[in-house]
Structure formats: structure tokens, C-alpha cells
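Here's the letter readout for the chains.
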Amino acid sequence: METTGSTTMKVVTGDAGYVLEDVPHLSDYIPDLPTYPNPLQDNPAYSVVKQYFVHMDDTVPQKVVVHKDSLRGIHFRRAGPRQKVYFESDEVHACIVTCGGLCPGLNTVIREIVCGLYHMYGVSRILGIDGGYRGFYAKNTVTLTPKVVNDIHKRGGTILGTSRGGHDKSKIVDSIQDRGINQVYIIGGDGTQKGAAVIYEEIRRRGLKVSVVGIPKTIDNDIPVIDKSFGFDTAVEEAQRAINAAHVESESIENGIGLVKLMGRNSGFIAMYATLASRDVDCCLIPESPFYLEGKGGLYEYIEKRLKENGHMVIVIAEGAGQDLLSESLQSMDEKDASGNKLLQDVGLWISHKIKDHFARQNKMSINLKYIDPTYMIRAIPSNASDNVNCTLLAQSAVHGAMAGFTGYTVGLVNGRHTYIPFYRINERQNKVVITDRMWARLLSSTNQPSFLDPKDIEQAKKAKEPANGSLDDEQAKKAKEPANALLNDECPEDK
């Protein structure tokens, strides 16, 4: 095997196109660090486990669908406890911070980080940073113990408070250094993880023995690489209540239309999965799939057709859908929030007025439209059973990694296995619905809605996705080698 590395990328290559996109380790920049036996070997809870330490060479493939002659492709380091740790229990001074918008499961993650550190590794000094990144230098901290966090998983939101923005690298790292903190757990979305990467780089530059760990949080499920983010299942489940209400309203009156707006700034996963789960939805509109209102094949024509056939219909629209249709009349298209996200106008309210106005002008049929906006309701609730389990495993994996000396990584589920993913892979792009994939086709076949796409656009999208040799798996394997080859040649992949 051949290993290459830098402050941002650490890659191991092997036979048959094997590429490990590894995460940084404290020993990469601090020489001669002492190691200690993992306290888990004396933990009664683990006494019945046959193999409770993860082998250092265990990795998880990013792609599991392969051909017989495919290259092995990109892998990530498997999460879990290691035989040796780089922190003694009484040496650890950990902190936890939550940033960005709310999401079901935040309190569960906080609880399980605290309980994991305390019960598995005997760590008793754990701080909660109040109010997001700015809490490092502008607010008080909260002492966290298993007793303090015992019941917080039953509540929505975050007991630590949150905020957007406030990322001052020097002030944050100064605070970490001054307080003697040596494990930082950062829970947040893509913007928060970018901030975590900057904090890690500054800590590394100063040569501090501090592990920086990210736990990805996004209700939109728009973080790449990982299978799904925590809280997503809960959000989809809660969205069913709004869709069901819209369905009841619409079918209870002649030519009834139930319009539901769901979260999804740039990615329509909540809308798509809620539609598939419901089976009562007649039309789903998401940011990734453009649509138009007027003319043949447009939304108005489909609504009229559906009402004539069924007498009622339900429309689900993601908050980021149709923004191009609004752009001419908007005054704040270029305004952004404190996290750098573009401020969106209320597409649900806008399209409900457009639909009403259209049918009033046509004077062909009288419609009754009810608009339901559960946007913030679905993110402010406690996580369901599935997400609680997911949050627990994410939190424990994060703790195991920090104790083993890993740093500069995000923990996430890849093909059903928990892994350690370098920050740059999480921050390189957003995860979006691919409208030329089978999942979107499944939705179209469920709702029977038109694609609203020009045939030329569909063909162009397919060509853009297909590799030159027609084999997607081989193309992925070739791409897997590019970061390693670039590093071996002392080049940055972005510069090629």
C-alpha cells in the first residue's frame, strides 16, 4: 500500500484500485503521543462481546454495486472503538455545540455523547457551549452530566440553544485553548461542518492536542456521502400528518385542492419521501425538477385534468421549488441569512394565489384550495424510535473516534456501516435528488404526474450522467483514484 497526505487530504492506495480516503489523526502533527489501554476492555457491558475493538484496517466501501471486473474504489475508515486510546479518562475535557437550524434528534445526540463519554470512558468533564459558535466567546457554558441530560431526548430542539453565523476562527480556538478543552463535538449542517473544518485546521496549525469531531445534522438530508442524516425519518413521518390533513380537506369538498409546503431549500428529499410514503399525493414539486405553469403539459393543465378525473387533488411542494418562477417579482433574491443561505420567498403562498387566480380567470371550474404550511412543526419535535437509534450510534461512534485520536472528521452511515469521513468530502457539494434516477421515476409512477421537463432536457440530463464507456461502476472506480493520483503528483484535484 502507498500512503499520501496533506493538511487537508490523507489518502491510502492499494491493489485493484483500492483507495482509502482517510481521516487525520493527532499523531500526524504531534509526534510521540502516548497511548493507553481502552477502558472498554474492563467495561461489564462489553464483556459478552466477542470482538469489541475495530481492526485498524477495517474500511467501508462507498459503492457496493460493482461488476466482476470493477476497481475496488473509494473506502472510508470504519467507526468504532480501538484497542488503544490517546486520552486518559481524567485528561479529557470535552465540549458539545449545536449550530444552525433545529432538527429532530439534536437532544438525543447530546445525551448520548455525554453518556458515552461518561459510562464507556469514565469522562466527567463535559461542557455544553450555549448558543452555537458564538457561544465559545460570547456566552456561558453549561456543565453536562448524565443526570442533566437524562430526559432531554424526549424533547424537541436543543437544550444548548443554537444560532447561525458567529464563526470567528481565532476567538473560538482561543476559547478552546484557554478552557483546556481537548475534544470538540460539533453538531450541524453543511455550513457548520465547513466551520468545523476551519477550526480543525487552526487547531492543527497551533499544534494542539484537540480532537475536532463533526456530527452531520440536516433535516433536508442534503449532506453527501452518508446514507441519510438523523432526524430525516422523523421529519418525513411528521409530514404525513400535514399531507393527510390536506387530503381530508380536499376530498371533502368539490374540486378541492390541498397544498402542502415542506422543507427543502435545495434538496427535495423530504417532499419526495413524504409523497412516496403517503400515496395520497397527486403532484410533488421539488427544487431539482423545474416546472412551468402555463400551456400544454404545464401545472395548470394537470390540475384541471386531475380535478376532472378525481374531483380533488393534493400537491406537495418543497420550499426551494419554483424559485426561478418567482425571481422577476422578488426584491430579496440575493439576500442571505447569517449562515450564507439565500433567503427564499414563500413559494407555497405564491403558488396557491397563482392557482386561484388562474382558475378564477378561466371561469371554467370553481376550485377550493387549502394551503397548509407545517414547515417548522416537522423539525421542532422529538425524534422517533428509528432516529433515536441512529442518533445513539452516531454519538457513540463520534466518541470512539475522538478517544482513538482521530480528528478533522464527520461520522456518518455509509452503506449501513458507521464510518469516519474527512471534512472535505462532506463539504465538497450538496446531496440532491437526481431526477434521472429510479427513485424519482418511482415517485412519478406513484403520483402519475407529468415530469414537466422538455424531452430535450431529459436526454441532456441522461447524457450528462452517463460515463463515456457506458459503465457507471467503472467510471466511479476511476474517479476514486483521482484524489490519490493528484496527491502523489503533489497536485490539488481542483487544479487539474
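In this text the structure is predicted, and so the values were computed from the model without any measurement.

Novice: Before we go on, may I ask you to explain the nonpolar core in this structure?
Specialist: Looking at soluble globular proteins, one finds that nonpolar side chains tend to be buried together. Ile96, Ile113 and Tyr185 are the most contacted members of the largest nonpolar core, which has 99 residues in total. Of all the elements, helix 1 (residues 106-121) adds the most residues to this core, at 9 residues. Formed by 25 residues, the second largest nonpolar core is a distinct cluster that contains Tyr300, Val347, Ile351 and Ile355.

Novice: I would appreciate a short explanation of the packing of aromatic side chains in the present structure.
Specialist: Two descriptors summarise a pair of aromatic rings, namely the distance from one centre to the other and the angle between the planes of the rings. Within the structure shown, the criterion is met by 5 aromatic pairs. Ring centres of Tyr52 and Phe53 lie 4.6 Å apart, and the angle between their planes is 75 degrees; on these two criteria the pair is classed as edge-to-face. Residue Tyr52 is classed as partly exposed on the basis of its relative accessible area of 22%. Centroid distance Phe406 to Tyr420: 5.7 Å. Interplanar angle 45 degrees. Geometry classified as tilted. Note that Phe406 is positioned in the loop between helix 10 (385-403) and strand 17 (409-414) and Tyr420 in strand 18 (residues 417-422), a separation of 14 residues in sequence. Each member of the pair, Phe406 together with Tyr420, is buried. One residue, Lys209, lies across the ring of Phe87, its end atom 4.7 Å from the ring centre.

Novice: How do you make sense of helix 3 (residues 169-179) when you look at a structure like this?
Specialist: In an α-helix there are 3.6 residues to a turn, and that puts residues three or four apart on one side. Within the span of helix 3, buried status applies to Ile172, Val173, Ser175 and Ile176. One side of helix 3 carries all its buried residues, which in axial view fall inside an arc of 155 degrees. Looking at the buried side of helix 3, the elements it contacts are helix 2 (135-138), strand 11 (183-188) and helix 4 (190-206). Looking one or two residues past helix 3, Gly180 carries a phi angle of roughly 75 degrees, positive in sign.

Novice: Got a minute to help me understand the confidence of the model for the chain in this structure?
Specialist: Detailed reading of the predicted model is not advised wherever pLDDT is low. Averaged over every residue, the pLDDT of the chain is 88; residues scoring 70 or more account for 86%. For the stretch residues 1-6, pLDDT sits under 50, and the model shows 18 contacts to residues farther than four places along the chain or on other chains. Note on residues 467-496: pLDDT is under 50 here. Beyond four places in sequence and across chains, it has 40 contacts.

Basis of the calculations
Residues numbered from 1 in each chain as written. Predicted model: local features only at pLDDT ≥ 70, side-chain atom pairs only at ≥ 80, totals over all residues. Heavy atoms only, no water. Core = buried A, V, L, I, M, F, W, Y, C linked by side-chain atoms within 4.5 Å. Buried < 20%, exposed > 50% of the residue type's maximum accessible area, 1.4 Å probe, protein only. Helix = DSSP H or I, 4+ residues; strand = E, 2+ residues; numbered from the N terminus. Phe/Tyr/Trp six-rings, centres within 6.5 Å; stacked < 30°, edge-to-face > 60°. Lys NZ or Arg CZ within 6 Å of the ring centre and 35° of its normal. Arc of directions from axis to C-beta. Contact = heavy atoms within 4.5 Å. pLDDT = per-residue confidence, 0-100.

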